[in-house]
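Here is what each chain is made of, one letter per residue.
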Amino acid sequence: MLAVSSDTLSIRPFLPGDLGALLPLNNAAVPAVNELTAEELLDLVNSALICLVAVVDDAPAGFLLCLGDGTDYDSRNYQWLCERLSNFAYTDRICVDETLRGRKIGDALYNALFERFAGTGRVFVCEVNERPANPGSMRFHSRLGFTEIGKADHGEKAVVFFKREAEPASGTRTE
């Protein structure tokens, strides 16, 4: 197993060469996320507000794909959020290499997201599977300050929606 130290983990925006590494990470995370083809993942990245990539020892080890409101995205969970909120950053998926889980890579991805949109007034939203159950993700998002704002039952799947308030501007700001 590869160890992650603070010296080897970095977060950066998606680069075109990342697709080949991120697709297997995404598809290994099913059913927490839906399986995608390379074309589908690239389409999502291209429509994303931001796609952040965690890099460990010069290789992608995880990613967080975030969409803004007003995006043309055919997802019933995304539509649920659009009907109720505006000015949001929606985490459509966060995936971390299975061999590196528990090393705070997810925290680093989210902290980079929060920092990137600090001071914009954007709230942070996501959904987590309730069926099939994903208790680890429920605990993870709660620990990061997300609170439940609703639920949806889609038959084969049920989800819990979470929201975290907007980040204040970082540093000092002159008004």
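Here is what the cut-offs are and how they apply
- Residues numbered from 1 in each chain as written.
- Predicted model: local features only at pLDDT ≥ 70, side-chain atom pairs only at ≥ 80, totals over all residues.
- Heavy atoms only, no water.
- Helix = DSSP H or I, 4+ residues; strand = E, 2+ residues; numbered from the N terminus.
- Rg over C-alpha atoms; globule rule 2.2 N^0.38 Å.
- Buried < 20%, exposed > 50% of the residue type's maximum accessible area, 1.4 Å probe, protein only.
- Contact = heavy atoms within 4.5 Å.
- Phe/Tyr/Trp six-rings, centres within 6.5 Å; stacked < 30°, edge-to-face > 60°.
- Pairing = 2+ DSSP bridges.
- Core = buried A, V, L, I, M, F, W, Y, C linked by side-chain atoms within 4.5 Å.
- Arc of directions from axis to C-beta.

Here we look at the overall build of the protein
Looking only at helices and strands, the protein features 5 helices and 7 strands. Going from N to C terminus, the protein has its helices and strands arranged as β-α-α-β-β-α-β-α-β-α-β-β. Taken over C-alpha atoms, the radius of gyration comes to 16 Å for the protein, in line with the 16 Å a tight globule of 175 residues would show. With the principal axes as the frame, the protein shows a C-alpha extent of 50 × 40 × 30 Å. Burial statistics for the protein: of 175 residues in total, 46% are counted as buried. A separation threshold of at least 6 residues defines the contact pool for the protein, and within that pool the share at least 24 residues apart is 63%.

Focus on the side chain of N26
Counting through the fold element by element, N26 comes out in helix α1 (residues 19-28). Residue classification places N26 among the buried positions, given a relative accessible area of 0%. The residues contacting N26, other than those within four sequence positions of it, are V33, N34, E35, L36, F63, R93 and C95.

Here we look at the packing of aromatic side chains
Considering all chains together, one arrives at 9 aromatic pairs under this definition. Note on W80 and F161: the rings are 3.8 Å apart at their centroids and 5 degrees apart in plane angle, and the pair reads as stacked. Of the two residues, W80 is situated in helix α3 (residues 76-84) and F161 in strand β7 (residues 158-164); the sequence distance between them amounts to 81 residues. Accessibility expressed as a relative area gives 0% for F161, which makes it buried. When the centroid spacing of 5.4 Å and the interplanar angle of 65 degrees are considered together, the rings of Y110 and F146 count as edge-to-face.

Observations regarding the pairing of β7
Working note: regular strand, side chains alternate between the two faces of the sheet. For β7, a buried count of 7 out of 7 residues is recorded, marking the element as mostly surrounded by other parts of the structure. Going residue by residue along β7, you find A158, V160, F162 and R164 tucked away on one face and V159, F161 and K163 tucked away on the opposite face as well. Bridge count between strand β5 (residues 123-131) and β7: 7 bridges; the pairing is antiparallel. Bridge assignment links R131 to a residue of β7, and that residue is A158.

Side note on the nonpolar core
L41, F63, L65, L67, L81, F88 and Y90 are the most contacted members of the largest nonpolar core, which totals 31 residues. Secondary-structure elements contributing two or more residues to this core are α1, α2 (38-47), β2 (50-56), β3 (59-68), α3, β4 (88-96), β5 and β7. Here this core gets 4 residues from one element, more than from any other, and that element is α1. If we ignore the near neighbours within four places in the chain, the residues touching F88 are L49, L67, G68, D69, Y78, L81, C82, R122, V123 and V125. Counting 25 residues, the second largest nonpolar core, distinct from the first, contains L64, A89, V96 and L109.

Points about α1
What α1 keeps buried is the set L19, L22, L23, L25 and N26. Across the axial projection of α1, the buried residues extend over an arc of 165 degrees, all falling on one side. Buried residues belonging to α1 abut α2, β2, β3 and β4.

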